[in-house]
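Notes for the structure review
Okay, here's what each chain looks like letter by letter:
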Amino acid sequence: MFNKNIKLILAFLIIAYAVYQFVEGYVGNGIALIFLSLIFVFLYFRNEIILLAFLRMRKQDMEGTQKWLSKIKNPEASLIKKQQGYYNYLHGIIFSQKNLTQAEKYFKKALKLGLTMDYDVAMAKLSLAGIAMQKRRKREATTLLQEAKKLDKNNMLTDQIKMMQQQMKKI
């Protein structure tokens with residue numbers, strides 16, 4: 001909704017007003033304003049539109065996810081680097097059902113920009129391995145599967161990895 005710089009300016013102004021409230025003796029108001037400023041600092045690091053898009057993705061609503069992501073007009077200017085990674089990650093998931101070449105481009109860009117969670121990196125590499133398998137690039141798919149397996153520390157993707165390895169033996 002707000003530009004990333006506006007969020008920081010708002011947080012700074014609210015903290016300044018909180019300090020003023022502390023000086024005037026209104027400690028409760030100051031504490032409440034500090035908590036309010038933390039919301040803007042949180043939203044600087046986690047974009048609210050991307051959070052809402054993840055909620056739509058969780059409900060398997062790809063059209064709703066696409067609708068929320070389309071509200072971000074200029075992702076390079078309005079998002080920090082990790083948020084741009086998740087922006088491309090979500091687009092990769094959406095396009096993996098429509099256009100594999102486009103999905104591959106988005107996943108590679110997401111990995112280049114960086115993702116915070118190891119699970120998300122593993123999922124992106126697993127998706128890239130599936131795309132490489134469908135395009136008959138067995139060597140690339142094998143290396144991506146091995147990297148995804150190393151990153152999957154909680155064993156949440158083991159079934160998908162085993163299934164892809166069995167499919168690769170058939171190729």
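Described below are features of the structure shown in this document. These numbers come from a predicted model, not from an experiment. (Residues numbered from 1 in each chain as written. Predicted model: local features only at pLDDT ≥ 70, side-chain atom pairs only at ≥ 80, totals over all residues. Heavy atoms only, no water.)

1. Considerations on helix α3 (residues 48-58)
Within α3, the full set of buried residues consists of E48, I49, I50, A53 and M57. Buried residues belonging to α3 abut α1 (4-24), α2 (27-45), α4 (62-69) and α6 (81-95). For α3, the N-terminal capping position is held by N47, with its side-chain oxygen 2.8 Å away from the main-chain nitrogen of I49. After α3 finishes, the residue Q60 shows a positive phi value of roughly 60 degrees. (Buried < 20%, exposed > 50% of the residue type's maximum accessible area, 1.4 Å probe, protein only. Helix = DSSP H or I, 4+ residues; strand = E, 2+ residues; numbered from the N terminus. Contact = heavy atoms within 4.5 Å. Polar contact = N/O pair within 3.5 Å; in protein donor to acceptor, adjacent residues only side chain to side chain.)

2. Notes on the packing of aromatic side chains
Enumeration over the complete set of coordinates arrives at six aromatic pairs. A centroid spacing of 6.2 Å and a plane angle of 65 degrees characterise the contact between Y89 and F107, whose relative ring orientation is edge-to-face. Here Y89 is found in helix α6, whereas its partner F107 is found in helix α7 (residues 100-113), with 18 residues between them in sequence. Here the two residues Y89 and F107 agree in accessibility, since each one is buried. In this structure an aromatic cluster arises from ring pairing among F54, Y86, Y89 and F107. One residue, K98, lies across the ring of F95, its end atom 5.6 Å from the ring centre. (Phe/Tyr/Trp six-rings, centres within 6.5 Å; stacked < 30°, edge-to-face > 60°. Lys NZ or Arg CZ within 6 Å of the ring centre and 35° of its normal.)

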